[in-house]
Amino acid sequence: MEVGMVRQRRLADDIVVQLETMILEGTLKAGERLPAERALAEQFGVSRPSLREAIQKLAAKGLLVSRHGGGTFVAESLGSTFSDPLLHLLENNSEAQRDLLEFRHTLEGACAYYAALRATALDHERLTAAFDALQACYSAKGAATRAEEGAADARFHLAIAEASHNAVLLHTIRGLFDLLKRNVVTNIGGMYALREETRDMLIGQHRELYEAIIERRADEARAISHRHIDYVQEVLAQGQMEAQRVARALRRGGAKVDS
C-alpha cells in the first residue's frame, strides 16, 4: 500500500482525512487489515501517538475496528449493501432476480462509460488481468466450473467499476459483489441450457466491452454493456416462458375430467 507523507498541521486530523479518502476511493477495502502501527507511522511520516489518535477517531466513526492482539481493520460492515437475510431473499425470488438485472443494466452501463473516460494505465492492467482470467475460464470449455466462471465474470465487472473512479458506483458494486456473483452463476447455468450459442455470445460481448473501455470509446462501452444485459434478460425470459408452458401442460395432463 502506497501512501503520501502527511503535511504538518494537526497530524491526527490529517491522518484521518487521508485514511478516509483511501477507504472512500477503495484503496482500503472492507475487512482489510492496516499495516502494523510502526510501519504505517513510518509510511505517513508521523509519530505513533498521532497515528494512534487518528485510528481511535476513525474507530469511533465506525470505519475502523481494532482487535486486541490482532491489529486494525477496515470495518467489515462497509462491504455489505444488504444484510445476509435480505441477500438470501433476493437470491431466491424470481421477481427480485429480474429487478437485479434491471439494476445491473443501469449500474454496469454507467461503470463502463466512466471507466472508458477515466481509467488509468494501472486500471487498464488490472482490467486486462480480470479479462484474461475470464477468457481462461471460457477457453477451458467445461473444465472450469460454473462457480469459477461466475466469479471471474463478476470480478471483471468489479474491475470496470474500480476503473470508473466513481466512489458510489464502486462501493455499490462491492457491496453487492456476492449477490452479483451468485446471480451470474445462476444465469449462466440457465442460459447455457437454453441456447447453444450463449457461451460464444458472452465471450464476444465481454471482449467488445473490454476493447471499448481500453480504447476509451465511452458511449460504445455503455451501449455494449446495455446490450449484454439485454441479451441475458432475453434468454432468461425465454426460459421462464418455457417453464411456465411446461408447468401448464403438466397441470392439464393431471386434471381429471368429470364424466
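Source: prediction; values computed, not measured.

Draft legend 1. Up close: the side chain of His-206. By the element assignment, His-206 lies in helix H10 (residues 198–214). In terms of polar contacts, His-206 uses its side chain to reach the side chain of Tyr-138, at 3.0 Å.

Draft legend 2. Structural view of the environment of Phe-103. With respect to the helices, strands and loops of the structure, Phe-103 is situated in helix H5 (residues 94–118). Judged by its relative accessible area of 36%, Phe-103 falls in the partly exposed class. Expressed as a C-alpha distance, the spacing of Phe-103 and Ile-229, which sit 126 residues apart in the sequence, is 9.9 Å. Ignoring anything within four residues of it in the chain, the contact list for Phe-103 reads Thr-172 and Leu-176.

Draft legend 3. Quick look at the environment of Arg-207. Mapped onto the elements of the fold, Arg-207 is located in helix H10. Sequence spacing of Arg-207 and Ile-224 is 17 residues, and the spatial spacing of their C-alpha atoms is 10.0 Å. Residues in contact with Arg-207, not counting those within four places in the same chain, are Phe-131 and Gln-135.

Draft legend 4. Quick look at the pattern of salt bridges. With the rule as written, the count across this model stands at 13 salt bridges. When the shortest N-O distance is used, the salt bridge between Arg-48 and Glu-37 registers 3.0 Å. On the criterion of sequence distance, the pair formed by Arg-48 in helix H3 (residues 48–60) and Glu-37 in helix H2 (residues 37–44) is long-range, its members being eleven residues apart. Judged by relative accessible area, Arg-48 falls into the partly exposed class, the value being 32%. Among the residues examined, Glu-37 registers a relative accessible area of 24% and is labelled partly exposed. One salt bridge in this structure joins Glu-208 and Arg-227, with 3.7 Å as the shortest N-O distance.

Draft legend 5. Representation of the confidence of the model for the protein in the model. Residues with a pLDDT of 70 or more make up 87% of the protein, whose mean pLDDT is 84. Of all helices and strands in the protein, the one with the weakest mean pLDDT is helix H4 (residues 84–91) (64), whereas helix H6 (residues 121–139) scores best (95).

Draft legend 6. Spatial organisation of the packing of aromatic side chains. In total, this model carries three aromatic pairs according to the counting rule given. Taking 5.9 Å as the distance between ring centres and 50 degrees as the angle between the ring planes, the aromatic pair formed by Phe-131 and Phe-156 counts as tilted. Here the residue Phe-131 occupies a position in helix H6, and Phe-156 occupies one in helix H7 (residues 146–163), the gap between them amounting to 25 residues. In this structure Phe-131 comes out as buried when scored by relative accessible area, which is 3%. Where Phe-131 meets Tyr-210, the ring centres are 4.3 Å apart and the plane angle is 5 degrees; that geometry is what we call stacked.

Draft legend 7. Just unusual backbone geometry, in detail. Even without a glycine there, the phi angle at His-165 is positive, about 55 degrees. Summarising the element assignment, His-165 is placed in the loop between H7 and helix H8 (167–175). On the accessibility criterion, His-165 (46% relative accessible area) is partly exposed. One non-glycine residue, Arg-216, adopts positive backbone phi at about 60 degrees. Along the chain, Arg-216 falls in the loop between H10 and helix H11 (218–254).

Draft legend 8. Broad picture of the nonpolar core. In this structure, Phe-156, Ile-160, Leu-209 and Ile-213 are the most contacted members of the largest nonpolar core, which totals 45 residues. Looking at this core, the elements that each hand over two or more residues are H5, H6, H7, H8, helix H9 (177–194), H10 and H11. Residues in contact with Ile-213, not counting those within four places in the same chain, are Ala-112, Ala-115, Ala-116, His-124, Leu-127, Ile-160 and Ala-221. Judged by nonpolar contacts, the second largest core, of 19 residues, contains Ile-23, Leu-34, Ile-55 and Leu-63.

Draft legend 9. Geometry of empty space enclosed by the protein. By the definition in use, this model includes two cavities of 30 Å³ or more. Of the pockets and cavities examined, the largest cavity occupies roughly 70 Å³. Lining of the largest cavity is provided by Arg-104, Asp-153, Val-184, Asn-187, Ile-188, Met-191, Leu-202, His-228 and Val-232. Looking at the lining of the largest cavity, the elements that each hand over two or more residues are H9 and H11. Of the residues forming the lining of the largest cavity, the biggest block, four residues, is contributed by H9. Of the residues assigned to the lining of the largest cavity, the class counts are five nonpolar, two polar and two charged. Empty space within the second largest cavity amounts to approximately 40 Å³. Lining the second largest cavity, in full, are Arg-104, Glu-108, Asp-153, Ala-154, His-157, Phe-177, Leu-180 and Val-184. Elements that contribute at least two residues to the lining of the second largest cavity include exactly H5, H7 and H9. Among the residues making up the lining of the second largest cavity, the classes are represented as four nonpolar, one polar and three charged.

Conventions and cut-offs
Residues numbered from 1 in each chain as written. Predicted model: local features only at pLDDT ≥ 70, side-chain atom pairs only at ≥ 80, totals over all residues. Heavy atoms only, no water. Helix = DSSP H or I, 4+ residues; strand = E, 2+ residues; numbered from the N terminus. Polar contact = N/O pair within 3.5 Å; in protein donor to acceptor, adjacent residues only side chain to side chain. Buried < 20%, exposed > 50% of the residue type's maximum accessible area, 1.4 Å probe, protein only. Contact = heavy atoms within 4.5 Å. Salt bridge = Lys/Arg side-chain N within 4 Å of Asp/Glu carboxyl O. pLDDT = per-residue confidence, 0-100. Phe/Tyr/Trp six-rings, centres within 6.5 Å; stacked < 30°, edge-to-face > 60°. Core = buried A, V, L, I, M, F, W, Y, C linked by side-chain atoms within 4.5 Å. 1 Å grid on protein atoms, 1.4 Å probe; cavity = no way out; pocket = protein on both sides within 12 Å on 5 of 7 lines; lining within 4 Å. Points joined across faces, edges and corners; volume = space filled by probe spheres on them. Nonpolar A, V, L, I, M, F, W, Y, C, P; charged D, E, K, R; others polar.

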